[in-house]
Amino acid sequence: MGINKDQVEGRVKEAAGKVQEVAGKAVGSTTQQVKGAANKVAGAAQAKYGDVKNDLDKRPKQDR
């Protein structure tokens, strides 16, 4: 099986969070930095969930 929805969405959220965090730092907005960091962590968690889900789908049926 290939890439699943959670992997893609998680990595997109992670990247967007990083951009938001850096932009917040550039303009001196602590609020945007914190929101960006939170989005980055949430995206990384969703991507990791997608990775685990993908790994489980690859296992043979008798091992599930």
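Our subject is the structure listed above.
Note that the coordinates shown come from a computational prediction; the quantities given were computed from them, not determined experimentally. (Residues numbered from 1 in each chain as written. Predicted model: local features only at pLDDT ≥ 70, side-chain atom pairs only at ≥ 80, totals over all residues. Heavy atoms only, no water.)

**Here's the deal with the overall build of the protein chain**
We count it as follows: Secondary structure elements follow DSSP: runs of H or I no shorter than four residues count as helices, runs of E no shorter than two count as strands, and numbering proceeds from the N terminus. All radius of gyration figures rest on C-alpha atoms, and the globule criterion is 2.2 Å times the number of residues raised to 0.38.
From N to C terminus, the protein chain includes 2 helices and 0 strands. Over its C-alpha atoms the protein chain spans a radius of gyration of 15 Å, topping by over 25% the 11 Å that the globule rule assigns to 64 residues. When the backbone C-alpha atoms are referred to their principal axes, the protein chain occupies close to 55 × 15 × 10 Å.

**A few points about helix α1 (residues 5-27)**
Going by this rule: The span you would expect from a helix comes to 1.5 Å times its residue count less one. Accessibility here uses a 1.4 Å probe with only protein chains present; expressed as a share of the type maximum, an area under 20% marks a residue as buried, one over 50% as exposed, and anything in between as partly exposed. Here a residue-residue contact requires only that any non-hydrogen atoms of the pair lie within 4.5 Å. Distance and chemistry together define a polar contact, namely a pair of N or O atoms within 3.5 Å, with one atom able to donate a hydrogen and the other to accept it when in protein, and with adjacent residues in sequence counting only for side-chain atoms on both sides.
For α1, built from 23 residues, the straight-helix expectation of 33 Å at 1.5 Å per residue is met to within 8% by its first-to-last C-alpha distance of 33 Å. Along α1, the residues classified as buried are Asp 6, Gln 7, Gly 10, Gly 17 and Gly 24. Those residues of α1 that are buried are in contact with α2 (30-58). The backbone nitrogen of Asp 6 lies 3.1 Å from a side-chain oxygen of the residue at the head of α1, namely Asn 4. Directly beyond the C-terminal end of α1, a positive phi value near 80 degrees is found at Gly 28.

**Here's the deal with the pattern of salt bridges**
This is how it is decided: What makes a salt bridge here is a side-chain nitrogen of Lys or Arg within 4 Å of a carboxyl oxygen of Asp or Glu, nothing more.
Tallied over the entire structure, the rule returns 3 salt bridges. Here Lys 53 and Asp 6 are joined by a salt bridge, their closest N and O atoms 2.8 Å apart. Residue Lys 53 is found in helix α2, and its partner Asp 6 is found in helix α1; the two are separated by 47 residues along the sequence. For Lys 53, a relative accessible area of 29% puts it in the partly exposed group. Given the relative accessible area of 12%, Asp 6 is considered buried. Residues Arg 11 and Asp 51 are paired through a salt bridge, measuring 3.0 Å at the closest nitrogen-oxygen approach. Linking Arg 11 in helix α1 with Asp 51 in helix α2, this pair joins segments that are 40 residues apart in sequence.

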